Amino acid sequence: MLSTNDLKDKRKSMFEKCKSCSSPLELLLVQEDIYNNILDSENRIKSNSKQKKYYKFNIEKLRLFCDGLAWSVIHPHAIRQLAKSTSKPPSLNDQKHFFHRIFKYSFDYLKKHDVPIMLADLTNIIKTGDLILCSDPEDPTIVECKNKLPSPEKFLLGRLGRQVSKGITTS
């Protein structure tokens with residue numbers, strides 16, 4: 001069990017890493033650290049009801065760090081467009097297998113194109129897409145990552161259709 005001071009010390013360390021990000025690789029590595037810390041807190045919430053509020057507080061603060069990172073690489077108008085939703089950030093624990101793939105895609109893309117990448121589900125403010133490629137801060141690229149592509153006739157139906165429509169409208 002981590003004490004509240006341990007959580008605070010971890011957050012302070014994360015904050016220092018966020019402040020010192022000077023390359024797209026460092027930005028992605030910090031997000032990976034934040035992801036692991038959020039995941040750890042989510043797991044501790046499930047197993048420890050006495051400290052639940054401290055872990056929820058920790059998650060909220062870590063997501064705010066990612067919000068700050070987003071503001072550092074994406075233009076304010078673009079963020080307003082990406083934030084057009086009132087939904088809560090998703091649980092990362094429910095998507096842990098998917099996130100491993102997201103990180104793999106991100107690191108692979110980063111090797112070929114040295115551009116800042118934001119992982120939308122780590123923030124409170126980005127509500128569109130899975131990855132935001134920030135080669136142009138005023139016009140970032142929204143990427144949806146899927147396990148498999150549906151047949152063309154189903155591409156604009158259901159959840160995927162809503163996501164595609166939202167991405168097009170946001171762009």
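In what follows, the structure referred to is the one given above.
Only a predicted model underlies this, so the values are computations on that prediction, with no experimental measurement involved. (Residues numbered from 1 in each chain as written. Predicted model: local features only at pLDDT ≥ 70, side-chain atom pairs only at ≥ 80, totals over all residues. Heavy atoms only, no water.)

1. Side note on the nonpolar core
Okay, step 1: With 42 residues, the main nonpolar core has Ile 34, Ile 74, Met 118, Leu 119, Leu 122 and Ile 126 as its most contacted residues.
Okay, step 2: Beyond its immediate stretch of four places on either side in the chain, Ile 126 contacts Ala 70, Ile 74, Leu 82, Met 118, Ala 120 and Ile 132. (Core = buried A, V, L, I, M, F, W, Y, C linked by side-chain atoms within 4.5 Å. Buried < 20%, exposed > 50% of the residue type's maximum accessible area, 1.4 Å probe, protein only. Contact = heavy atoms within 4.5 Å.)

2. Concerning the sheet that holds strand E2 (residues 131-133)
Okay, step 1: Strand order in the open sheet formed by three strands is E1-E2-E3, and the pairing between neighbours is antiparallel. Two strands close off the open sheet at either side, each with one partner strand: strand E1 (117-119) and strand E3 (141-143). Across the sheet, the axes of successive neighbouring strands diverge by a mean angle of 20°, strand direction being ignored.
Okay, step 2: Relative to E2, E1 runs antiparallel, the two sharing three bridges. Looking at the pairing, Leu 119 lines up with Leu 131 of E2. (Pairing = 2+ DSSP bridges. Helix = DSSP H or I, 4+ residues; strand = E, 2+ residues; numbered from the N terminus. Axes fitted to C-alpha atoms, helices over the stretch in contact; angles between N-to-C directions.)

3. Structural notes on the packing of helix H1 (residues 4-19) against helix H3 (residues 52-73)
Okay, step 1: Interaxial distance between H1 and H3 falls to 11 Å at its minimum, and their mutual angle equals 5°. Accordingly, the angle class assigned to the pair H1 and H3 is roughly parallel. Contacts between H1 and H3 pair Thr 4, Leu 7, Arg 11, Met 14, Phe 15 and Cys 18 from the former with Tyr 54, Tyr 55, Phe 57, Asn 58, Lys 61, Leu 62, Phe 65 and Leu 69 from the latter.
Okay, step 2: When the residues that make up the contact of H1 with H3 are grouped by side-chain class, the tally is ten nonpolar, two polar and two charged. (Parallel < 35°, antiparallel > 145°, perpendicular 65-115°, else oblique. Nonpolar A, V, L, I, M, F, W, Y, C, P; charged D, E, K, R; others polar.)

4. Focus: the layout of surface pockets
Okay, step 1: Taken as a whole, the second largest pocket encloses approximately 380 Å³ of empty space.
Okay, step 2: Contributing elements (two or more residues each) for the lining of the second largest pocket: helix H2 (24-47) and H3.
Okay, step 3: The element best represented in the lining of the second largest pocket is H3, accounting for four residues.
Okay, step 4: Partitioning the lining of the second largest pocket into residue classes produces four nonpolar, three polar and seven charged. (1 Å grid on protein atoms, 1.4 Å probe; cavity = no way out; pocket = protein on both sides within 12 Å on 5 of 7 lines; lining within 4 Å. Points joined across faces, edges and corners; volume = space filled by probe spheres on them.)

5. Points about the side chain of Asp 130
Okay, step 1: Turning to its location among the elements, Asp 130 is positioned in the loop between E1 and E2.
Okay, step 2: At 2.7 Å, the side chain of Asp 130 and the backbone nitrogen of Cys 145 are in polar contact.
Okay, step 3: What Asp 130 contacts, discounting residues up to four positions off in sequence, is Phe 98, Ile 102, Met 118, Leu 119, Ala 120, Asp 121, Val 143, Glu 144 and Cys 145. (Polar contact = N/O pair within 3.5 Å; in protein donor to acceptor, adjacent residues only side chain to side chain.)

6. Section: empty space enclosed by the protein
Okay, step 1: What the rule picks out here adds up to one cavity of 30 Å³ or more.
Okay, step 2: The volume enclosed by the largest cavity comes to roughly 30 Å³.
Okay, step 3: Around the largest cavity, the lining residues are Phe 98, Phe 99, Ile 102, Leu 119, Ala 120, Asp 121 and Asp 130.
Okay, step 4: Here the element with the most residues in the lining of the largest cavity is helix H5 (residues 96-112); it accounts for three residues.

7. Some words on the pattern of salt bridges
Where charged atoms from two side chains of opposite charge come close, those side chains can pair.
Okay, step 1: For the coordinates displayed, the defined rule picks out four salt bridges.
Okay, step 2: Between Glu 16 and Lys 19 there is a salt bridge; the shortest N-O distance is 3.5 Å. Of the two residues, Glu 16 and Lys 19 both sit in helix H1, three residues apart, roughly one turn of that helix.
Okay, step 3: Here Glu 16 falls in the partly exposed class, since its relative accessible area comes to 39%.
Okay, step 4: The class of Lys 19 is exposed, set by a relative accessible area of 54%.
Okay, step 5: Here Asp 40 and Arg 44 are joined by a salt bridge, their closest N and O atoms 2.9 Å apart. In this pair, Asp 40 and Arg 44 are both assigned in helix H2, four residues apart and thus about one turn of the helix distant.
Okay, step 6: What makes Arg 44 partly exposed here is its relative accessible area of 22%. (Salt bridge = Lys/Arg side-chain N within 4 Å of Asp/Glu carboxyl O.)

That's the geometry; what it means functionally is another story.
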